[in-house]
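# Breakdown of the fold
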Amino acid sequence: MKKVLLTALLATLSAASAATLVFGGNGEPVSLESGNITDGISILVQRQIYDTLVDFEDGTTDLKPGLATKWTANANNTAWTFTLRKGVRFHDGTPMNADAVIFNLGRWWDKSHPYGFRDQGRTFEIVGELLGGYKGDATAVIKNIVKVDEYTVRVDLNKPSSVLPDVLAAGYFGIASPTAIKKDGAKYGTPASKPVGTGPFIFQSWRTGDRVTLLPNKLYWGEKAKVDQLVIRSIKDASQRLNELKAGTIDFANDLTPDSLKSVQGDKNLVAVKRPSFNVGFLSLNNRNQYLKNDKVRQAISMAINKKEIANAFWNGLGTSNASFLPPVLAWANSSKVPADYKFDPAAAKKMLADAGYPNGFSIDLWYMPVSRPYFPTPKPIAEAIAADLSAIGVKVNLKTEDWAKYLQDRNKEPGFDMYMIGWTGDYGDPDNFYGAYYGANASDDINWNPANVETLLQQGRAAATQAAKAKVYQQLHEITYNAAYRIPMVHSNPLAAARSYVKGWTPSPLGSEPFNTISVPGKK
Amino acid sequence: MGSYLIRRLARTLLVMLGISLVVFVFVRSIPGDPAVAMLGERATPEAAAALREQLGLNKPWFFNPANPLDAQYPKYITALVRGDLGTGLKSNIPVLDDLKSRFPATAELSVAALLVALIVGMPAGILAALRRNSIWDNLATTISLLGVSMPVFWLGLLLSYFFGVKLGILPPSGRAGTEFNVDPVTGFNVLDALLRGQPAAAWDSVRHLVLPALALGSIPLAIVARITRSSMLDVLNQDYVRTARAKGLTDRTVTMKHALRNALLPVVTVIGLQAGALLGGAVLTETIFSWPGLGSWVYDAISQRDYPIIQGGVIFAALVVSVVNLLVDLSYASLDPRIQYS
């Protein structure tokens, strides 16, 4: 009897001290269906529930095994074979095997897949963007998906690609239980469904607009979660996330504004966490503008902007400025012929402008974003600083902006913007993800500059098998794009995150989200 | 009365139809394409065009010569008549499902804000009228002036920082603590927690309600206080009040029974008008306090150009305002026997 009582008492005690880990998300997930969503908070929640075929080493963009233990390409990189981990089951007991993987890849890539629910609004647009298109498209990277045996899947390609494993490691592509998708139908991924993966946490509930609650997966094949419950709250306002951190109602959070660094550092209960930079904020110059057509004018503009000073002033030490489109972790693909930093020399810039035929300068529009992004947290004051630098060489800048949805649309509509601010955060650790998005055939049509040699190099980069071979290609691209000066990199920022001091084992990934199974909260009250 | 009600309801239906048309045209006339907004920085013209086609946004608005029914508005209206408000473009969640989960949160907050406005505003107004030109009157007038002029988002942030972070006595935001997980019944958290027999969770939900209700209630509070004051002053000077006093009734009876009842009519009108304003004010309050209601939901939909959600949200909000106005009109009759509907 005594023993029963004691056990009961212990059970109550452990229940009372159940460790809940609370994350302050910057909004609520759009959907928990993998492959169909691109926003940060959806991906962050999905990372907890699903595993990807290939994964990233903690805090880096280097690949490590995920649901696949091994992946190899044929000699010319046109077929990739993935060897799957044995004995893994989805949270609902469904075995994870070649059929399950093919089911997932198939519904994303095959427009006629019976479980793609495209007639009910599913778009899977990220597959089109990262993999060139869908089944049967002339531009599609994937040609065919083949089951070799129970635990081996081969992906045949239409054109050589060395980055397929990197792409499939991106947070978008979590492998879901086919049973669950068939059961929930078109409801899968909405709050009315139960998303099922193989990941370290099991979905419990989703209160729309409020929170998602997850429980640890006791049978996880990898490192098991160290908390009893994980709650991801939706807190849209950045200052409110900071308030909640200070009040201790959440344990950790992403996407704080750079100017809250001091406030975090001044609070003994909080630890500031710099996420490794994996983005670029840049200025795009439009070739359709009569002044910007001129090489000298663009170079003068680049030389007149004090990028280092701007980065120091607006990112509070949470950003670096260099002369590369690539964030520092991909520096291996930079050319040594390009200076590490842009030259800042207003006098030389003024002279260059005079040489170009504009000794008295001219007037031009600069569009700044109406929204805050990690790569441009405060676009308007940054635009004002750029305008001030340019006015010093006689270029009069008219600052302009408009609603974000319209901004994104108008930049691509002829004649586009003269000069505008935009940026990019990477999906996976390959230079192609940065250069390919803004140069070449897949880029937006905002600068009217797309020489054939750039597209050729981009294709060579995608086909290159080794990092050394890739480096050779991207070094050339670096030189060409630097000299052309149509896109002037301003900053690579470190998004600011923070945690209560008792949060242990959190290694933020440069890619914006990571599984939270490594985190523990010893001493949390 | 019955035929009046039927006429009013019929008119409400017509108004709803009109609003559906107006909002349909309006959202599509705002520059900025949903497909581009969804794709964000990734939007290339080709990707946007493909997405637009898949979402059916490339179809004509009103009339498709090839297939008359295959246009956006006829499809929308036929679905609407069946009670189908469409599906969120990106989330794939039926708009009605979202409405069902979001509206109780907004309603709970609005009721709490109205309660704050009435419980604080009415006594303050009465006191100010009875003690005219006293320090109480000045205090009430000053506070109500502050309440009207202070932007809600600013007041919300101040309240959250001061009570939530500095003093640490109330939660800075959110709807309930993460230690509680109450299964919804009605969608009203406080009520649900009580129904589920979780008093601690109910108390926690009340604590979460306080700050947003104060922020959202600040403007109606100020307005209620001022209207009550001036309306009370009016009534107190009326002959019948003087007569009541002359009959030897106590001050208390005169104030509560004779004056207040008559002074309430304009207050009720104002409350009716404020119901619409509360829905509008909820946008900012809900965003600041991470309150999972209608306001923050529609706000996000607007920046994303999520047409079905914007349309559904606006039509529903219009319906709520119509119903509240109807209730206000009906309550006139019970407050003032001279008003009759036929």
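Residues numbered from 1 in each chain as written. Chains lettered and ligands numbered in written order. Predicted model: local features only at pLDDT ≥ 70, side-chain atom pairs only at ≥ 80, totals over all residues. Heavy atoms only, no water.

Looking at an unreviewed UniProt entry, one finds chain B named Binding-protein-dependent transport system inner membrane protein and attributed to Deinococcus grandis. Word for word, the UniProt comment on chain B under Subcellular location (unreviewed entry) is "Cell membrane". Recorded under Sequence similarities (unreviewed entry), the UniProt text for chain B is reproduced unchanged: "Belongs to the binding-protein-dependent transport system permease family." (UniProt positions renumbered as here; feature names shortened; annotations may be inferred.)

The name an unreviewed UniProt entry gives chain A is Extracellular solute-binding protein, with Deinococcus grandis as the organism. Of the comments in the UniProt record for chain A, the one headed Sequence similarities (unreviewed entry) reads "Belongs to the bacterial solute-binding protein 5 family."

### A few points about the layout of surface pockets
Empty space within the second largest pocket amounts to approximately 1,200 Å³. What lines the second largest pocket is a set of 43 residues, and nearest its centre among them are A:Gly128, A:Glu129, A:Gly132, A:Gly133 and A:Asn442. Put simply, the parts of the chain that give the lining of the second largest pocket at least two residues each are α4 (125–130), α5 (164–169), α14 (432–438) and α15 (452–463) of chain A together with α3 (45–55) of chain B. With 6 residues, the single largest contributor to the lining of the second largest pocket is α3(B). Residues that form the lining of the second largest pocket fall into these classes: 18 nonpolar, 13 polar and 12 charged. (1 Å grid on protein atoms, 1.4 Å probe; cavity = no way out; pocket = protein on both sides within 12 Å on 5 of 7 lines; lining within 4 Å. Points joined across faces, edges and corners; volume = space filled by probe spheres on them. Helix = DSSP H or I, 4+ residues; strand = E, 2+ residues; numbered from the N terminus. Nonpolar A, V, L, I, M, F, W, Y, C, P; charged D, E, K, R; others polar.)

### What about the UniProt feature "transmembrane region" (unreviewed entry) in chain B?
In this structure's numbering, the residues bearing the UniProt feature "transmembrane region" (unreviewed entry) are residues 12–30, 109–130, 142–163, 209–228, 263–289 and 309–328 of chain B. For residues 209–228 of chain B, the helix share is 100%, the strand share is 0%, and the end-to-end C-alpha distance is 25 Å.

### Side note on helix α16 (residues 467–484) of chain A
Quick reminder: α-helices carry 3.6 residues per turn. Residues three or four places apart thus point the same way. Residues and elements named next belong to chain A. For α16, which comprises 18 residues, the first-to-last C-alpha distance of 25 Å matches the rise-based estimate of 26 Å (1.5 Å per residue) to within 8%. For α16, the set of buried residues is Lys-470, Ala-471, Val-473, Tyr-474, Leu-477, His-478, Thr-481 and Ala-484. For α16, the elements touching its buried residues are α9 (295–304), α14 and α15. Positive phi shows up at Ala-485, right after α16, with a value of about 55°. (Expected span 1.5 Å × (residues − 1). Buried < 20%, exposed > 50% of the residue type's maximum accessible area, 1.4 Å probe, protein only. Contact = heavy atoms within 4.5 Å.)

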